[in-house]
Amino acid sequence: MLVGVPKEIKVREYRVGLIPANVRELTERGHTVLVEAGAGAGIGATDVHYEAAGATIVQTAAEVFAKAELIVKVKEPQAIERKQLRPGQILFTYLHLAPDPDQANDLIDSGATCIAYETVTSQHGTLPLLAPMSEVAGRLSIQAGAYFLEKAHGGLGTLLGGVPGVDPAKVVVIGGGVVGTHAIHIALGMAAEVWCLDRNVDVLRNLWKQFGRPLNTVFSTRDAIEHHCTTADLVIGGVLLPGAAAPKLISREIVRRMKPGSVIVDVAIDQGGCCETSRPTTHDEPTYVVDDVIHYCVANMPGAVPRTSAHALNNATLPFVLALANHGVDALKRDPHFLNGLNVHKGVVTNDAVASALNRTYVEPHKALAS
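Before going into details, it helps to say that this report is about the structure given with it. Source: prediction; values computed, not measured.

Describing the environment of Ala323
Moving on, step 1. Its location among the elements puts Ala323 in helix H11 (residues 306-327).
Moving on, step 2. Sequence separation between Ala323 and Arg199 is 124 residues; the distance between their C-alpha atoms is 36 Å.
Moving on, step 3. Once you skip the residues sitting within four places of it in the chain, Ala323 turns out to touch Gly328, Ala331 and Phe338.

Some points on the nonpolar core
Moving on, step 1. Counting residues in hydrophobic clusters, the biggest one holds 78 residues, and the most contacted among them are Phe92 and Phe338.
Moving on, step 2. Here this core gets 10 residues from one element, more than from any other, and that element is H11.
Moving on, step 3. The contact partners of Phe338, leaving out residues within four places of it in the chain, are Phe92, Ile115, Val120, Phe320, Ala323, Leu324, Ala331 and Leu332.
Moving on, step 4. One finds Leu85, Ala104, Leu107 and Ala355 within the second-largest nonpolar core, a separate group that totals 21 residues.

Considering the sheet that holds strand S1 (residues 2-5)
Hydrogen bonds along the backbone pair up the strands of a sheet, which may run parallel or antiparallel.
Moving on, step 1. One open sheet holds the eight strands; their spatial order is S3-S2-S1-S4-S5-S6-S14-S15, and the pairing between them is mixed. If you trace the sheet from one side to the other, it starts and ends with strand S3 (56-58) and strand S15 (348-349), each paired once.
Moving on, step 2. Bridge count between strand S14 (residues 342-345) and S15: two bridges; the pairing is antiparallel. Bridge pairing in S15 links Val344 to Val349.

Comments concerning the sheet that holds strand S11 (residues 263-266)
Moving on, step 1. On the basis of which strands lie adjacent, the open sheet formed by seven strands has the order S9-S8-S7-S10-S11-S13-S12 and mixed pairing. Each edge of the open sheet is held by one strand with a lone partner, namely strand S9 (215-219) and strand S12 (287-290). Geometrically, the sheet is characterised by an average inter-axis angle of 20° between neighbouring strands, direction not taken into account.
Moving on, step 2. Pairing of strand S7 (residues 170-174) with strand S8 (residues 193-198), which is carried by five bridges, proceeds in the parallel orientation. By the bridge assignment for S8, Lys170 is matched with Glu193.

Here is what the cut-offs are and how they apply
Residues numbered from 1 in each chain as written. Predicted model: local features only at pLDDT ≥ 70, side-chain atom pairs only at ≥ 80, totals over all residues. Heavy atoms only, no water. Helix = DSSP H or I, 4+ residues; strand = E, 2+ residues; numbered from the N terminus. Contact = heavy atoms within 4.5 Å. Core = buried A, V, L, I, M, F, W, Y, C linked by side-chain atoms within 4.5 Å. Buried < 20%, exposed > 50% of the residue type's maximum accessible area, 1.4 Å probe, protein only. Pairing = 2+ DSSP bridges. Axes fitted to C-alpha atoms, helices over the stretch in contact; angles between N-to-C directions.

Structure below.
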């Protein structure tokens, strides 16, 4: 198969869909890989590195999109990229369609087969292609929160871990999944006072076992969210409903009652955010203020550390990329968990949660592939 890797064009996105090592895995199996010039520059991978791995370097993204049968990216295709997709072409990347009807409409109109990293599942019920970036984003959320709590950056002027004789900052993590677990790990390491809210008692029990008494765990109710957010210095939003829009757990009223200079890092912003006052931001302008509360809602947080995140993502995606290169869309029929990644095929929506969020007709993926 002819596999294409365009350079990412989202604001401050430095990751790349295939690292040179994974290109070599493809080319040594007889596949052809086209890589746009400079695609790997953000992770220190030069065109020479890609050529040594067997790739052919082309000068423009247009050449990649025009020739490739399979497009492998990181972030959702931007408007100019979506216009270049065609029927029969396979797109494999993060999509996050639920809060993005414009993208969804363009992908539907393209006739392409669009597979989302974030809805591929495993036999254990996990999201193996979302997990590595959730790990990175969870860890980054504490770094970002600590930075913006500094007075010079508009915050309260509170040191996350405090010092002897002075209280540490109170960090509230909403959601005890992958994002939450890694946020907790870093926040406890910085000696903050950490609280985690989740509606699954087993999740809370496992977090208690993992982190011990330094972590405070609370069953998530409206009362609990209201109390802990309004007394927090830093709130991390890490909730996830696979494929669907994130639930709005932090209301405008709660934000209004939060401490002036406190910080919300809404990691769920890719799926619309879990705070009513959240809207997507970029690494160029990462924050804005509502009712004196700093909101950090960067929609591609792991793009800030592309060397780490591109390699972590490629470790997870390689088996799936190889399956698509070897078998095309038949790879989805061979693996029901991979099939869960199919979001759009030949003009129809094939993910139930996405269809519900967009008020579109849902077509069962097996039926769509059979058409």
